[in-house]
Amino acid sequence: MIQSFSENQLAAICEVLGDTQTGLTGSEIGELLGRLGIEDPYPNITKRKRLFEALITRQSKDSCGNNVVNFIQEAMSPIRFISNPVLFSEKQDEINAVLSFCGYQVKENGLLKPVRKVVTLTEAEKRAINLREKLLLRNVHSDVLKFCKAELLQNNHFHAVFEATKSVAEKIRMKSGSIKDGSSLVDEVFNINKPILAMNTLRTSTEQSEQKGFANLLKGLFGTFRNTTAHAPKITWDINEQDALDILTLASLLHRRLDSAVPTGISLSR
């Protein structure tokens with residue numbers, strides 16, 4: 001049995017799920033409640049209040065929070081966001097900001113998992129400061145440090161890594177003029193035969209190997225932490241602080257090398 005949620009916690013959850021702009025529609029709320037066998041006592045009031053009344057009533061009847069969790073998981077099922085994966089990522093961040101105070105987190109598969117409960121609003125800020133201090137000791141690139149933000153680290157380290165990875169791709173586009181992303185971006189810009197950007201003179205086999213190796217590093221980072229179609233996270237495992245430090249350090253290396261990359265004057269193929 002799952003411990004009951006407090007009224008404040010439940011109200012905050014319903015605030016996210018019943019948000020006027022990005023939350024469930026009235027018909028979706030009714031459909032989900034019906035599917036889960038949860039009574040809908042006030043179907044004509046505002047969405048947030050309607051959802052709150054339905055869930056608080058069922059929780060009181062059950063003396064546990066199991067059906068609240070069932071509803072959250074149904075509402076956050078990834079298949080509901082198949083046409084808009086970016087919205088899933090946004091709603092996941094919003095609901096996790098609330099659930100972190102309840103000791104839970106919505107994973108990429110839409111299911112809840114237990115996590116260490118956040119007690120104060122300053123915990124995320126402390127986590128961000130701690131990560132930033134450790135990265136400063138590593139002398140990481142300034143373009144990486146900007147992603148050590150409390151809002152990115154409120155639930156886990158993945159979002160800081162994800163945003164830092166996107167920043168590497170954005171720098172490539174800015175320096176090259178390409179509009180592509182992921183592996184396609186790397187192939188177009190660092191093509192050894194028609195490079196748009198060069199890491200060196202490319203005159204020797206050693207220099208050409210360096211160009212190819214750098215391109216492979218970029219592809220490895222993008223392939224692991226970027227979904228170039230949906231622009232949303234594609235991996236489901238957690239990233240702890242040590243993983244984040246190592247990955248952000250790699251992003252720092254890539255940023256430094258990109259700073260020194262030189263345009264070759266070769267035009268982009270359109």
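Residues numbered from 1 in each chain as written. Predicted model: local features only at pLDDT ≥ 70, side-chain atom pairs only at ≥ 80, totals over all residues. Heavy atoms only, no water.

**A few points about the nonpolar core**
Alright, step 1. Judged by nonpolar contacts, the single largest core of 41 residues is most densely connected at Leu 135, Val 168, Ile 172, Phe 190 and Leu 218.
Alright, step 2. Every element with two or more residues in this core is listed here: helix H6 (122–137), helix H7 (142–145), helix H8 (158–176), helix H9 (182–189), helix H10 (205–225) and helix H11 (241–260).
Alright, step 3. Considering every element that reaches this core, the biggest residue donor is H8, with eight residues.
Alright, step 4. In this structure, Val 168 is in contact with Leu 218, Leu 221, Phe 222, Ala 251, Leu 254, His 255 and Leu 258, ignoring residues within four places of it in sequence. (Core = buried A, V, L, I, M, F, W, Y, C linked by side-chain atoms within 4.5 Å. Buried < 20%, exposed > 50% of the residue type's maximum accessible area, 1.4 Å probe, protein only. Helix = DSSP H or I, 4+ residues; strand = E, 2+ residues; numbered from the N terminus. Contact = heavy atoms within 4.5 Å.)

**Quick notes on the side chain of Gln 59**
Alright, step 1. Tracing the backbone shows Gln 59 in helix H3 (residues 47–62).
Alright, step 2. Given a relative accessible area of 6%, Gln 59 falls into the buried group.

**With respect to the pattern of salt bridges**
Alright, step 1. For the structure on display, the rule yields 19 salt bridges.
Alright, step 2. Among the ionic contacts, a cluster of salt bridges with common partners joins Asp 143, Lys 146, Lys 171 and Asp 259. (Salt bridge = Lys/Arg side-chain N within 4 Å of Asp/Glu carboxyl O.)

**A short note on the environment of Glu 207**
Alright, step 1. Tracing the chain through its elements places Glu 207 in helix H10.
Alright, step 2. Sequence separation between Glu 207 and Asp 246 is 39 residues; the distance between their C-alpha atoms is 26 Å.
Alright, step 3. Apart from residues lying up to four places away in sequence, Glu 207 is in contact with Asn 200, Thr 201 and Leu 202.
Alright, step 4. Polar contacts involving the side chain of Glu 207 include one to the side chain of Thr 201, which spans 2.4 Å. (Polar contact = N/O pair within 3.5 Å; in protein donor to acceptor, adjacent residues only side chain to side chain.)

**Looking at the packing of aromatic side chains**
Alright, step 1. Scanning all chains against the criterion turns up four aromatic pairs.
Alright, step 2. Taking the centre distance of 6.1 Å and the plane angle of 40° together, the rings of Phe 5 and Tyr 104 count as tilted. Highlighted residues: Phe 5 in the segment before helix H1 (7–17) and Tyr 104 in strand E1 (residues 104–106), separated in sequence by 99 residues. There is no split in this pair, since Phe 5 and Tyr 104 are both buried. (Phe/Tyr/Trp six-rings, centres within 6.5 Å; stacked < 30°, edge-to-face > 60°.)

**Focus: H10**
Alright, step 1. With 21 residues, H10 should cover 30 Å at 1.5 Å per step; its first-to-last C-alpha distance of 30 Å lies within 8% of that length.
Alright, step 2. Among the residues of H10, Gln 211, Phe 214, Ala 215, Leu 218, Leu 221, Phe 222 and Phe 225 are the ones counted as buried. Down the axis of H10, the smallest arc covering the buried residues is 125°, so these residues share one side. Among the exposed residues of H10, those oriented more than 90 degrees off its buried face are Ser 205, Thr 206 and Asn 216.
Alright, step 3. Structurally, H10 contributes buried residues whose contacts are with H8, H9, strand E3 (197–198) and H11. (Expected span 1.5 Å × (residues − 1). Arc of directions from axis to C-beta.)

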